[in-house]
Amino acid sequence: MSKEKADVPYGTLDLLILKTLATLGPMHGYRIARRIEQVAENLVRLNQGSIYPALMRLEQQGWIRTQWGISETKRKVKFYSLTKAGLKQLSIEIASWERATALVARFLEAES
Amino acid sequence: MKLHSMPGRLLALFRRRKLDQEVDDEILAHLELAELDARAAGLTPEESRQAARRNFGGIEQMKEDHRDHRSVPWMENLVRDFRYGMGSLARDPGFAVVAIGLLALGIGANSAMFSIVDAVLLKPLPFPEPERMVRLWESTPQGHNGTTTLTFLDWKRQDDLFDAVSVENNEKVTMATGGDPIRVSGKEVSADYFQVFGVRPQIGRTFARGEDQPGAARVVVLSNAFWRTQFASDPGILKRELVLDGEPHRIIGVLPTGSFDRDDAVFWKPMIFAPDQMNRGQHWLTPIARLRSGVTIEQARAKMTMLRASLNAVIYQKDWGFTVEPFARLLVGDTLRRSIYLAFGAVLMVLLIACANVANLMLTRGTTRRKEMAVRAALGASRSRLIVQLLTESFVLCLLGGAAGVALGALLLHALTPLVRATLPFTADLSMDLRVLGFAAAAVMAVLILTGLLPSLRTSFGGLSNVLNQAARGSSGSSATVRRTIVIGEVAASVVLICGAALLFKSLERLQEVDAGVRIDRVITMSIDLPSSAYPSPRSAARFYETVVQRLQAVPGVEQASVSQGLPLQGVQWGEYMRLPEVQEPLLVRLKFVDSWYFRTLQIPVEAGRGLEYTDRAGAPPVVVINQEVARYLSKTLGIANPVGRMVGIDVPGYGPIPEALVKVQIVGIIRSERTAGLNAPPELVAYMPLAQSPQQDIKLVIRTLSAPAAAMPAIREAVRQIDPNLALGDVMTMKQVKEQSVLWARQPTWVVGAFAVVAALMAALGLYGVLAHAVTQQRREIGIRMAVGASSGNVLAHILRGALSMLIVGLAGGLAGAFALTRVLKSLLFQVSALDPAALAVACVLMTLVGILAAWIPANRAARVDPMTVLRDEG
């Protein structure tokens, strides 16, 4: 893993997970992690393990739910899917992210 | 932390194991999948596994992160520490048993004692709006006095001040039971008596207005306890009757359980004033009242003072006033209050010593656990985490000690209640209620802070490396100083207690040595109350006295029998004015009625003139015998050197409802003073009048027997039964028991303080032993070296004992200083003993020193037997 890769920006992992689940439907933790890595195309460094605490946090908030399923390796694993509240939360997070980036972008333009 | 995730988090606390397992499974699945993908990408199995792990990141860190989010981490830690604490206690059962035992003793004694303090001194009276309950008095220059019937009725009319005003008059009556009659206590009260207390009956009703007026039907209200024991909780009780002194009374109600069950009285009946009692001369009533809501005690006092002024024309004691006192204040006397505080102070001291001991034990344990702590710290536990862990362990200990203590307290209270019941007011409800449990919980918290905080701070302190490097060799260091200081404190606290106990015991001994002025051996006494129904006239009562003495005199085993009103040491019922013709101011004397055999039975010698004779009876000229105190007063203050033969006027109370009347009597003799008001009270001014000339209904039989008094009782009972089978004998007591009872107020606090002083001394000894034993273990090497270079076992023994003695001496000095500081507390409870009595204090110091040296002997002896070779080889 090369040095110039950045960590996942603080606070965005939730958004990435929610968006992934919204786009692709129920999937287990490993697939979610792989999907994020693929989309990011090596732009960021992700400790795959870190998505599990995030998943639990999201579950506690009621934005995702879990169901037991069978993995490709014939193991019992949790499949995560978006709830209605999660869908709503996703739109909120997207909106707030866009506001934030727009704000930052405007500042950067003004500076130069 | 958002609130709505709280339930799930709390739940997670208890499903910890399952959730941990789930996370493990998930990680495993993740790694397998990652490995599979890596293999598909063409890596070798070994490379695949490594890549999967690398991409996953720190597994343990992730788990910790997961756990933190899953539940409340500090709580999870707490649960873990709690379990760990239990475990570490279980691994060291000796420590656990001693520490829990000490705490249980301290907390148990304190919660039992607190229950008494709370019930007697702190809790409001167990009646609605108790602050509105008052007692009404006439106030004299000497203090409070009872009031007269007519004045009472004036008070009763002040309905802008009082909701209810009632008299209460104790009486003992004979109750027919079908079998032998029994003597029961009851109260004659006004119809609105129960309104004063705000008490409603459990069954039936209490008295109605007008039921205390002449001509009303005879009705009676029972206490709950009496209903349960005497009538087996008969639900049909209202259909039954109670035959009191031969007269049937209709039972109209039963009171609820509670305060009225703790009173002597088992029944209440209306007091109906006889025409003879309608006067302002006989001060025989002590009314209680309930203030109207909104009326303050000051307002009531002011209004009563105005009322007093308006009654000037009819009340002849011009310098007397009316006064209103809170009911609660009069229930608890100064001596009782002081005794309770004293006993509570003693048990608090014991708790402190117990805490000191436990703290010391923990410190000792702490030194041995230092390495464990250091290792944990090295592995990344923060200092606060370690302190919390140690505190949790202390908490486990205190909790167990507290629980055992509450159980012990309940037992103690159960055992104590019958012993102290008679000394406490009837309103005091002794029980392990929520307040007591709250106190116990607070005590546990205090103990936790005292025992846990310091040791845990000390144990978790200390630079890591310095602890890890430090071998257990000869390190006494600062923690030993702390432990020594604690032991010195323990010794000081026990010395304070032992000094207190020594002083109290000496005082009790002095008190019991007081000559009561009567011979008390082989004397048995009992009460009889002559009911008005069977003994309506003074003449009938006088006839009874004569017959009963004649009959008793004939009983085998009886040496001398007599009748009197009242017994030595129990106080004299009447206080009356003796008027001397040549003196303006009348002299207030106690007036005691006795028969002609009383002085002989109790062997009270006649000093001048004569005693009372058989011939001093109704019809004969009235006579009085005075005691030396009166004679002394007359000669000293009034210059009457020889009072025998003089005529004096005395207000003599009548028989039953007959009012008192001024009688001209001749002083015929002087007797040596008997102690009438108790052993601690100086002899009173007492005048004795013959019972036969002024009969009374409540009398005592005083009988001197030839051998053991109890053996004569059946024959005595039979003799009385033959005269009147309806009379019940009550309060059967030997004079020895009467004397014992009269010093109960002094005996109880003395034994309580004494018992706890012993406990405290033993605890201090245990503390001393613990510190020395630990020191000897720690210094084995040092001792070994000393012995190797020529010290004898004797030197070593002396060295250790010297160490113990130095602690003891500092403790003794501290304890004596404490005892000096507390003299003010004790002074009022001591009888003819100075609070700084050198002998008592010396005894206390010697006792503590002996106990301390005994405790030190065991470890000192162990040290003296240290084999230098073994020790030095061990330490290599």
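So, here's what we can say about the structure. As the structure is a computational prediction, the values presented were derived from the model and not from experiment.

1. Topic: the overall build of chain A
Phase 1: In terms of regular secondary structure, chain A is built from four helices and five strands.
Phase 2: The secondary structure elements of chain A, listed N-terminal to C-terminal, are β-α-β-α-β-α-β-β-α.
Phase 3: Out of the 112 residues in chain A, the part that is buried amounts to 27%.
Phase 4: For chain A, long-range pairs separated by at least 24 residues make up 56% of all intrachain contacts whose partners lie at least 6 apart in sequence.

2. Points about the interface of chain B and chain A
Phase 1: Contacts between the two partners involve 20 residues from chain B and, on the opposite side, 18 residues from chain A.
Phase 2: The set of elements that each furnish at least two residues to the side of chain B that touches chain A consists of α2 (16-40), α3 (45-56) and α4 (59-70) of chain B.
Phase 3: Of the residues belonging to the side of chain B that touches chain A, the class tally is seven nonpolar, eight polar and five charged.

3. Focus on the environment of Asp261(B)
Phase 1: Within the secondary structure, Asp261(B) sits in helix α10 (residues 259-262).
Phase 2: Beyond its immediate chain neighbours, meaning those up to four positions away, Asp261(B) contacts Ser223(B), Asn224(B) and Ala225(B).

4. Some points on the sheet that holds strand β4 (residues 64-70) of chain A
Residue and element names in this part refer to chain A.
Phase 1: Strand order across the open sheet formed by three strands is β2-β5-β4, with antiparallel pairing between neighbours. In this open sheet, the two strands that pair with only one neighbour each are β2 (27-28) and β4.
Phase 2: For β4 and strand β5 (residues 76-82), the ladder comprises seven bridges, and the chain directions are antiparallel. Within β5, the residue paired with Ile70 across the bridge is Lys76.
Phase 3: Along the sheet face, helix α1 (residues 13-24) touches β2, β4 and β5 and points at about 90° away from the line of β5.

5. Side note on helix α21 (residues 735-742) of chain B
Residues and elements named next belong to chain B.
Phase 1: Taken together, the buried positions of α21 are Met735, Val738, Lys739 and Ser742. End-on, the buried residues of α21 take up no more than an arc of 100°, which puts them together on one face.
Phase 2: In this structure, the buried residues of α21 make contact with β13 (523-529) and β23 (730-734).

6. Focus: the environment of Leu105(B)
Residues and elements named next belong to chain B.
Phase 1: Tracing the sequence through the fold places Leu105 in helix α6 (residues 93-122).
Phase 2: When the C-alpha atoms of Leu105 and Leu408 are compared, they prove to be 7.3 Å apart, with 303 residues separating the residues in sequence.
Phase 3: Excluding its chain neighbours within four sequence positions, the residues that come into contact with Leu105 are Ala354, Leu408 and Val759.

7. Thoughts on the packing of helix α2 (residues 29-40) of chain A against helix α3 (residues 51-61) of chain A
Angle between the axes and distance between the axes: these two values describe a pair of packed helices.
Residues and elements named next belong to chain A.
Phase 1: Put simply, α2 and α3 touch, their axes get as near as 10 Å, and they point 110° apart. Looking at the two axes, α2 sits roughly perpendicular to α3. In the crossing of α2 with α3, the sense of the turn from one axis to the other is right-handed. Side by side, α2 and α3 meet where Gly29, Ile32 and Ala33 of the first sit next to Ile51, Tyr52 and Leu55 of the second.

8. Digging into unusual backbone geometry
All names here are of chain B.
Phase 1: A positive phi angle, near 55°, is found at Ser233, a position not held by glycine.
Phase 2: Position of Ser233 among the secondary structure elements: in the loop between α9 (224-231) and β8 (241-244).
Phase 3: Here Asp731, not a glycine, exhibits a phi torsion of approximately 50°, which is positive.
Phase 4: Residue placement: Asp731 occurs in strand β23.

Conventions and cut-offs
Residues numbered from 1 in each chain as written. Chains lettered and ligands numbered in written order. Predicted model: local features only at pLDDT ≥ 70, side-chain atom pairs only at ≥ 80, totals over all residues. Helix = DSSP H or I, 4+ residues; strand = E, 2+ residues; numbered from the N terminus. Buried ≥ 20, exposed ≤ 12 C-beta atoms within 10 Å, placed from the backbone. Contact = placed C-beta atoms within 7 Å. Nonpolar A, V, L, I, M, F, W, Y, C, P; charged D, E, K, R; others polar. Pairing = 2+ DSSP bridges. Axes fitted to C-alpha atoms, helices over the stretch in contact; angles between N-to-C directions. Arc of directions from axis to C-beta. Parallel < 35°, antiparallel > 145°, perpendicular 65-115°, else oblique. Left-handed = near helix turned anticlockwise from the far one by under 90°.

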